[in-house]
Amino acid sequence: MEVRIYKTIHVKDTADIKDALEEAKRRGLPISVSGANHSQGGQTYIENAIVLDMKPYHRIIRLDEKNKEITVETGAAWEQIQKALNPHGLSLRIMQSQNLFTVGGTMSVNAHGRDIHEGPFIESVKSFRLMNADGDIVQVSRAEEPELFANVIGGYGLFGVILDVTLDLTEDEVYRQHVVPIHYEAFPDLFKKQVLEQPSIAMAIARLSVSPDSYLTDMFVTTYERTKEPLNDNLRKLHEENFASIGVTKFVFGLSRKWEWGKELVWKLQKKGYLLSDGDLISRNNAMRPAAKFMEYADTQRTDLLQEYFVPIDRFKPFVDGMRSIMREDELNLLNITVRYVPRNEESTLSYAKHDSFAFVLLFNNKRSAAEVEKLAASTRRLIDLALRNDGTYYLPYQLFANGDQLRAAYPMTDIFFEAKRRADPGLLFQNEFYARYAK
Ligand SMILES: Cc1cc2nc3c(=O)[nH]c(=O)nc-3n(C[C@H](O)[C@H](O)[C@H](O)COP(=O)(O)OP(=O)(O)OC[C@H]3O[C@@H](n4cnc5c(N)ncnc54)[C@H](O)[C@@H]3O)c2cc1C
């Protein structure tokens, strides 16, 4: 459905934000905040809103090498920050698996990544400044404003505009990649023994097959083991996407959207590629910027959609078995599933990391017609029920397919969160489709 907004303001400084807030109040309009806009369920807009596009607000304010800290404006994307940190041998503690996202978008969804020792993004935040609904700038940290700290991080832009943030950093280092093919039933045990119990393993990501002949049974696990290898110029050089290979990868991945044999071909090629990278050395910064452009996709009839579910690690097998049944019964066009690990962290009010969990990231291709979207919505509610039955949760930056009861079962603090929002912003200046759909 097309949503008409009032206008977009490309924010360059805090005066732009303050002016927008005043104009919105004068005209009786809501404000929505937008980063790189990769959330997929209207988290960055609402009908008739003044939308603040934060991307031009992207200066690096301070880099403190000694204390391993950085202060940045929240429109900055991770790509820019990686480029600033890399020459100093520094690295982010937590970010998404890809580097396309803004700092403000990452904070507001409380994102997570591949480092198995790090939970959600909130763990790396020291403090930030927020412009609230009164246009005042508030300094927020765990000590100064604990309630705001927990509500704003993972708070989907509903408490104000995060201006800048100070983040804890870590050192860039050299990892050795190991790639293990495995049957899914053996995965939880392998993960406990060969990943979680090995202090030298820094990161991990696994992939489940969507090829018809090994559907949700075959897997690959990639681990990144710390080494003592020097971070030489060659390893330190940041990987850039190779435009020649993007075309081919994009074409082959495109085949998997349409045909089962395309899915089989992609899995075969992925297997080959993974096994070839076994034993390779890679810097932490490069492990946190894998190729992404081949997934870009535009089609008037169809679209790609992401979803994510979190389940306690002991519920891996029942969750995969349940997913397989739902995918087959509902004939969903599943293109990809990756599995990461997120340790428990309940600091954010809307925390999804209630347990030490596996995070399943699912990519679907679906027709855009209303009937097909409603069909996917119904299947999504089945997948959410499956996650809830397994003591799990689902992630909020995607389509708003969950019903209110499911949201409240997955996020028991939902109504406390919305009450706090209304106390902080009684005029409901900051709004988005997420608030409109679920707030009572
Ligand atoms: C291809 C793809 C891969 C992804 N991978 C991951 C992953 O590995 N891990 C993960 O956790 N998630 C992942 N996501 C999910 C999620 O969409 C992103 O983590 C995050 O939302 C993207 O940041 P963004 O800049 O695009 O945010 P946007 O979509 O622009 O905004 C997200 C929310 O943040 C708010 N916001 C943005 N900036 C500010 C600000 N300055 N002040 C206040 N509020 C603000 C917005 O209002 C909105 O509610 C992925 C999404 C896609 C499409």
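Residues numbered from 1 in each chain as written. Predicted model: local features only at pLDDT ≥ 70, side-chain atom pairs only at ≥ 80, totals over all residues. Heavy atoms only, no water.

**Q** What am I meant to see in the overall build of the protein chain here?
**A** Along the protein chain, the regular secondary structure elements total 14 helices and 17 strands. Structurally, the protein chain occupies a C-alpha span of about 60 × 55 × 40 Å along its principal axes. Evaluated residue by residue, the protein chain yields a buried proportion of 55% over its 440 residues. A separation threshold of at least 6 residues defines the contact pool for the protein chain, and within that pool the share at least 24 residues apart is 73%. Accessible area for the protein chain stands at about 18900 Å²; split by element, carbon and sulfur atoms hold 50% of it. Across the protein chain, the mean location of the 56 positive side-chain charges is 3 Å away from that of the 61 negative side-chain charges. (Helix = DSSP H or I, 4+ residues; strand = E, 2+ residues; numbered from the N terminus. Buried < 20%, exposed > 50% of the residue type's maximum accessible area, 1.4 Å probe, protein only. Contact = heavy atoms within 4.5 Å. Areas by Shrake-Rupley, 256 points an atom, 1.4 Å probe, with all protein chains shown as cover. Lys, Arg positive; Asp, Glu negative; His and termini not counted. Charge placed at Lys NZ, Arg CZ, Asp CG, Glu CD.)

**Q** What is the right way to look at the sheet that holds strand β3 (residues 50-53) in this model?
**A** Sheet strands line up and pair through hydrogen bonds in the backbone, either parallel or antiparallel. Taken in spatial order, the three strands make up an open sheet running β1-β3-β2, and their pairing is parallel. Among the strands making up the open sheet, the edge pair consists of β1 (7-10) and β2 (31-34). Shown here is a sheet whose adjacent strand axes are inclined to one another by a mean of 25 degrees, direction ignored. Both β1 and β3 contribute to a ladder of four bridges, which runs parallel. Looking at the pairing, His10 lines up with Asp53 of β3. Packed on one face of the sheet, helix α1 (residues 14-27) meets β1, β2 and β3 and runs near 170 degrees to β3. (Pairing = 2+ DSSP bridges. Axes fitted to C-alpha atoms, helices over the stretch in contact; angles between N-to-C directions.)

**Q** I keep staring at the packing of helix α7 (residues 243-258) against helix α8 (residues 260-276) and nothing clicks. Help me out?
**A** Working note: a packed helix pair is described by the angle between its axes plus the distance between those axes. Axis separation between α7 and α8 bottoms out at 6 Å; the angle between their running directions is 140 degrees. The orientation of α7 relative to α8 falls into the category oblique. For the crossing formed where α7 meets α8, the hand is left-handed. Packed against α7, whose contacting residues are Val252, Phe253, Leu255, Ser256 and Lys258, the element α8 presents Glu260, Trp261, Gly262, Lys263, Leu265, Val266 and Leu269 at the interface. A per-class count over the contact of α7 with α8 returns seven nonpolar, two polar and three charged. (Parallel < 35°, antiparallel > 145°, perpendicular 65-115°, else oblique. Left-handed = near helix turned anticlockwise from the far one by under 90°. Nonpolar A, V, L, I, M, F, W, Y, C, P; charged D, E, K, R; others polar.)

**Q** What is the right way to look at the site of the ligand in this model?
**A** Lining the immediate environment of the ligand, one finds 34 residues, of which Val33, Gly35, Ser39, Thr102 and Tyr395 sit closest. One nitrogen or oxygen atom from the side chain of Thr102 is found 2.6 Å from an oxygen atom belonging to the ligand. At a separation of 2.7 Å, an oxygen atom of the ligand approaches a polar side-chain atom of Tyr395. Against a free-state accessible area of 970 Å², the protein chains account for coverage of 95% of the ligand. Those elements giving two or more residues to the shell around the ligand turn out to be β2, α3 (103-109) and β9 (161-171). The element contributing the most residues to the shell around the ligand is α3, with four residues. Within the shell around the ligand, the residues separate by chemical class into 13 nonpolar, 20 polar and one charged. (Near = heavy atom within 4 Å. Polar contact = N/O pair within 3.5 Å; in protein donor to acceptor, adjacent residues only side chain to side chain.)

**Q** What is the right way to look at the nonpolar core in this model?
**A** In summary, soluble globular proteins display a tendency toward joint burial of nonpolar side chains. Formed by 104 residues in total, the largest nonpolar core has its most connected members in Phe128, Met323, Phe360, Leu362 and Phe434. Broken down by element, this core gets its largest block of residues, seven residues, from strand β11 (residues 201-208). For Met323, the contacting residues outside a window of four places in its chain are Leu216, Ile337, Phe360, Leu362, Leu383 and Leu386. With 18 residues, the next largest nonpolar core counts Val11, Ala20, Met131 and Leu163 among its residues. (Core = buried A, V, L, I, M, F, W, Y, C linked by side-chain atoms within 4.5 Å.)

**Q** Just to check I follow, could you spell out the side chain of Asn86 for this structure?
**A** If you trace the backbone, Asn86 turns up in the loop between α2 (78-85) and β6 (90-92). Looking at Asn86, its side chain comes within polar contact range of the main-chain oxygen of Arg236, at 2.9 Å. A polar side-chain atom of Asn86 sits 2.9 Å from a polar atom in the side chain of Asn285. If sequence neighbours within four positions are ignored, Asn86 has contacts with Asp172, Arg236, Leu238 and Asn285.

**Q** It is not clear to me how the packing of aromatic side chains should be interpreted in this structure. Could you clarify?
**A** In this description, a pair of aromatic rings is defined by centroid distance and the angle of the planes. Summed over the entire model, instances satisfying the criterion amount to 28 aromatic pairs. When the centroid spacing of 5.7 Å and the interplanar angle of 85 degrees are considered together, the rings of Phe253 and Phe294 count as edge-to-face. Placement of the pair is Phe253 in helix α7 and Phe294 in the loop between α9 (284-287) and β14 (302-312), with a sequence separation of 41 residues. Of the two residues examined, Phe253 and Phe294, each falls in the buried class. (Phe/Tyr/Trp six-rings, centres within 6.5 Å; stacked < 30°, edge-to-face > 60°.)

**Q** I keep staring at the pattern of salt bridges and nothing clicks. Help me out?
**A** Between side chains of opposite charge, a pair can form when the charged atoms approach closely. In the structure shown here, the tally under the stated rule is 34 salt bridges. Residue Glu173 pairs with Arg226 through a salt bridge whose shortest N-O separation is 3.0 Å. Taken as a pair, Glu173 in the loop between β9 and β10 (174-183) and Arg226 in strand β12 (residues 218-226) lie far apart in primary sequence, 53 residues in all. Here Glu173 falls in the partly exposed class, since its relative accessible area comes to 23%. For Arg226, a relative accessible area of 34% translates into the label partly exposed. One salt bridge in this structure joins Asp321 and Lys317, with 2.7 Å as the shortest N-O distance. One end of the pair, Asp321, and the other, Lys317, are both in helix α10 (residues 316-330), four residues apart, so they sit about a helical turn from each other. Taking the relative accessible area as the measure of exposure, Lys317 reaches 33% and is therefore partly exposed. (Salt bridge = Lys/Arg side-chain N within 4 Å of Asp/Glu carboxyl O.)

**Q** Just checking my understanding: could you explain the environment of Ile116 for this structure?
**A** Considering the arrangement of structural elements, one finds Ile116 in the loop between α3 and β7 (125-131). Separated by 107 residues in sequence, Ile116 and Thr223 place their C-alpha atoms 9.9 Å apart. For Ile116, the contacting residues outside a window of four places in its chain are Phe191, Val195, Leu196, Ile201, Ala202, Met203, Ala204, Tyr341 and Pro343.

Any functional reading would require information that these geometric values do not contain.
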